[in-house]
Amino acid sequence: MDQEELLLFIFYLGRFDIITVPRFWRKIVNRYNLLGTKCEECGEFYFPPRNLCPSCRRKGDIETYRFNGTGKLVTYTVIRSAADIHEKETPYILGIVELEEGSRLTSYIIDCDIDDVEIGIKVKPVFRRLGEESEEGLIYYGIKFTPVN
Amino acid sequence: MEVGICSYGVYIPKYRIEVEEIAEVWDEDAESIKNGLKIKQKSVPDTDEDTATIAVEAARNAVKRGKMSASEIGAVYVGSESHPYAVKPTATIVAEAIGATPDLTAADYEFACKAGTAGIQTNLALVKSDMIDYGMAVGADVSQGAPGDALEYSAGAGGGAYLIGKKDVVAKIEETVSYTTDTPDFWRREGKDYPEHGGRFTGEPGYFKHVIAATKNLLNKTETDPSYYDYAVFHQPNGKFPTRAAKKLGFKKEQFKDALLVSEIGNTYSGSTLIGLASVLDKSDPGDDILVTSYGSGAGSDSFKLKVTENIKDIQKEEPKLESFLKEEKHLSYGSYARHKGKVK
């Protein structure tokens, strides 16, 4: 897990004390539109975006890539005891989604009953509130995933 | 010059609460409320949905259904009476989320329930004057009704987004007029959670006066009469008002029934007229004439004369259509509804 992936994971846990406003804003376009990167040399896709392909290193040719967004649920957990900021949303599902192109990311799985969720189901992205810094603070928006009917 | 709607999209949250569920909590007669308001249920946002998320989903659907690229959009106006921030535009969130940034102008509008049609008029002027190629107008709301207030039965959630331009027009905007006065029929003070309204006062001096005057002005200006139109779309705060206004103006039920969705989704405020229009466009044929009149408390009405073109057939093939949002429903108890709307603090 590189630093960007770790930050994304921390963000989804609701640790907005670590993910500050500037840190969120730097990747706002990526979070809104699933903008990642692709290494044209080896064909590998990355989300969150990487500036350097870890396989090809200096031979790599990194380009911005907009993910289609559809994918499948690789694994998930049900959060019943959450950070203060997410307390009113429990129980909710946090899962790892593998996008069609191959990249994996951590995200909420929403708009479904917990009992209906299974590993391997197809999911699609939706635009939702991810949380807020505080009642007076910034509202964080971005992508969550919902099962495809 | 042919300027009009090039694409459109809607979004309605899937949650619903029925009138019976609310009436039981407040010990009121559900049948009498249903008959009075002509509302069966209303839409409710999820806990993580607000005006910005609804506006983004509607705008993305409009871009997806259209033939243009988001980078060609030169203006985004988002109309709502429930913008998530008092200061910070919803329009920048929408513009960023549809990929229209950075070379565009953007701003938020507020005019109770008619801020979305005000955005269409602004974009129409910008396109006609060649300042932009395409403009996006969004009307979206997660409207508020205080616990126990009459508005609690009708205040729903939803939005519509319209792309205005010159290329691949699906419905020409042939004329638009507005009628505006300072009328205190409904308001919400800064920092307050719920709006205040003038009860029965909101009908005659508010809704009926403005909707009827704007529509008559449009009919006079275009030298048309109600029988000229295939469809008529009116703002729908409840089922009774648009029906009464339409009949008073001389429209027949066949002309306005297809746009009436308030019984199923409630009053979606800035989304109301735009969702009603989408319902009509989804089933219209080339050559159809449509009259649209919005209403915003405070107060004013915008009236439009539209003519559907051959291009409507292309967009009608594209998903998601309005119908898909009406099919998917999940009903809530009053307790879950209170949680969804943040009524429990």
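Definitions and limits used
- Residues numbered from 1 in each chain as written.
- Chains lettered and ligands numbered in written order.
- Predicted model: local features only at pLDDT ≥ 70, side-chain atom pairs only at ≥ 80, totals over all residues.
- Heavy atoms only, no water.
- Pairing = 2+ DSSP bridges.
- Helix = DSSP H or I, 4+ residues; strand = E, 2+ residues; numbered from the N terminus.
- Axes fitted to C-alpha atoms, helices over the stretch in contact; angles between N-to-C directions.
- Parallel < 35°, antiparallel > 145°, perpendicular 65-115°, else oblique.
- Left-handed = near helix turned anticlockwise from the far one by under 90°.
- Contact = heavy atoms within 4.5 Å.
- Nonpolar A, V, L, I, M, F, W, Y, C, P; charged D, E, K, R; others polar.
- UniProt positions renumbered as here; feature names shortened; annotations may be inferred.
- Buried < 20%, exposed > 50% of the residue type's maximum accessible area, 1.4 Å probe, protein only.
- Lys, Arg positive; Asp, Glu negative; His and termini not counted.
- Salt bridge = Lys/Arg side-chain N within 4 Å of Asp/Glu carboxyl O.
- Polar contact = N/O pair within 3.5 Å; in protein donor to acceptor, adjacent residues only side chain to side chain.
- Core = buried A, V, L, I, M, F, W, Y, C linked by side-chain atoms within 4.5 Å.
- Domains from an automatic or database assignment.
- Phe/Tyr/Trp six-rings, centres within 6.5 Å; stacked < 30°, edge-to-face > 60°.
- Lys NZ or Arg CZ within 6 Å of the ring centre and 35° of its normal.

Student: Would you explain the sheet that holds strand S14 (residues 330–331) of chain B in this entry?
Tutor: Within a sheet, each strand pairs with its neighbour through backbone hydrogen bonds, oriented either parallel or antiparallel. Residue and element names in this part refer to chain B. The strand order across the open sheet built from three strands is S3-S2-S14, with neighbouring strands paired in mixed fashion. Here the strands that pair on one side only, and so sit at the sheet edges, are strand S3 (41–44) and S14. Two strands pair when backbone bridges link them, and strand S2 (residues 15–18) and S3 are joined in this way by four bridges, in the antiparallel orientation. Directly across from Glu18, in S3, lies its bridge partner Gln41.

Student: Hey, could you run me through the packing of helix H3 (residues 51–65) of chain B against helix H4 (residues 90–97) of chain B in this one?
Tutor: Any two packed helices are characterised by how steeply their axes cross, that is the angle between the axes, and by the distance between the axes. Residue and element names in this part refer to chain B. Running from amino to carboxyl end, H3 crosses H4 at an angle of 40°, the nearest separation of the two axes being 9 Å. Between H3 and H4, the interaxial angle falls into the category oblique. The way H3 lies across H4 gives a crossing that is right-handed. For the pair H3 and H4, contact is made by Ala52, Ala55, Val56, Ala59 and Arg60 and by Thr90, Ile93, Val94 and Ala97, respectively. Tallied by class, residues from the contact of H3 with H4 come to seven nonpolar, one polar and one charged.

Student: What should I look at first to understand the UniProt feature "domain: Hydroxymethylglutaryl-coenzyme A synthase N-terminal" (unreviewed entry) in chain B in this one?
Tutor: The feature "domain: Hydroxymethylglutaryl-coenzyme A synthase N-terminal" (unreviewed entry), as given by UniProt, occupies residues 2–167 of chain B in the numbering adopted here. The span residues 2–167 of chain B carries 31% helix and 28% strand; its end-to-end C-alpha distance comes to 8 Å.

Student: Explain the sheet that holds strand S3 (residues 62–66) of chain A to me, please; I cannot follow it from the model alone.
Tutor: All names here are of chain A. The three strands lie next to each other as S2-S1-S3, forming an open sheet whose pairing is antiparallel. Edge strands, defined here as strands with exactly one partner in the open sheet, are strand S2 (45–46) and S3. Relative to S3, strand S1 (residues 35–39) runs antiparallel, the two being bridged by five bridges. Following the sheet pairing, Gly36 is matched in S3 by Tyr65.

Student: Please clarify how the side chain of Lys42 of chain B should be interpreted in this entry.
Tutor: Residue and element names in this part refer to chain B. For Lys42, the location among the structural elements is in strand S3. In this structure, Lys42 is buried with no salt-bridge partner, the nearest side chain bearing the opposite charge being Glu152 at 6.0 Å. A polar contact is formed between the side chain of Lys42 and the backbone oxygen of Glu152, at a distance of 2.8 Å.

Student: For this particular structure, what's the right way to read the UniProt feature "domain: ChsH2 C-terminal OB-fold" (unreviewed entry) in chain A?
Tutor: Here, the residues flagged by UniProt with the feature "domain: ChsH2 C-terminal OB-fold" (unreviewed entry) are residues 67–128 of chain A. Secondary structure content for residues 67–128 of chain A is 0% helix and 48% strand, while the C-alpha to C-alpha distance between its ends is 18 Å.

Student: It is not clear to me how the side chain of Asn123 of chain B should be interpreted in this structure. Could you clarify?
Tutor: Residues and elements named next belong to chain B. Mapped onto the fold, Asn123 is located in helix H5 (residues 115–128). Taking the relative accessible area as the measure of exposure, Asn123 reaches 0% and is therefore buried. Among all residues touching Asn123, those that are not within four sequence positions of it are Ala75, Tyr77, Ile132, Gly135, Met136, Ala137 and Ile164.

Student: What is the right way to read the pattern of salt bridges from this model?
Tutor: A side chain of one charge can pair with a side chain of the opposite charge when the charged atoms of the two come close. The final tally for this structure, using the stated rule, is 28 salt bridges over all chains. Where Asp130 of chain B meets Lys166 of chain B, a salt bridge forms, and the shortest distance between an N and an O atom there is 2.1 Å. Within this pair, whereas Asp130 of chain B is found in the loop between H5 and strand S6 (134–142), its partner Lys166 of chain B is found in the loop between strand S7 (157–165) and strand S8 (171–180), the two being separated by 36 residues in sequence. Through salt bridges with shared partners, a single network forms among Asp111, Arg128 and Lys144 of chain A together with Asp46, Asp48 and Glu49 of chain B.

Student: Explanation requested: the nonpolar core in the structure shown.
Tutor: Residues and elements named next belong to chain B. Ile5, Ile73, Met136, Tyr162, Leu281 and Ile290 are the most contacted members of the largest nonpolar core, which totals 85 residues. Ranked by residue count, the leading element in this core is H3, at eight residues. Counting residues domain by domain, this core receives three or more from each of domain 1 (4–170 + 314–341) and domain 2 (174–310). Setting aside residues no more than four positions away along its own chain, Leu281 makes contact with Ile5, Tyr8, Tyr162, Ala171, Ile290, Val308, Ile312 and Gln316.

Student: In this structure, what is going on with the packing of aromatic side chains? I would like to understand it.
Tutor: Given two aromatic rings, their pairing is described by the distance between the two centres and the angle made by the two planes. Under the definition given, this model contains 21 aromatic pairs over all chains. Here the aromatic rings of Tyr207 of chain B and Phe208 of chain B are separated by 5.3 Å at their centres, their planes lie at 80°, and the arrangement is edge-to-face. For Tyr207 of chain B, a relative accessible area of 1% puts it in the buried group. Residue classification places Phe208 of chain B among the buried positions, given a relative accessible area of 2%. Each residue in the set Phe45, Phe47, Tyr65 and Phe67 of chain A is aromatic and connected to the rest through ring pairs, giving one cluster. If you follow Lys144 of chain A out to its NZ or CZ, it ends over the ring of Tyr108 of chain A, 4.4 Å from the centre. Directly above the aromatic system of Tyr8 of chain B lies the positively charged group of Arg65 of chain B, at a separation of 4.7 Å from the ring centroid.

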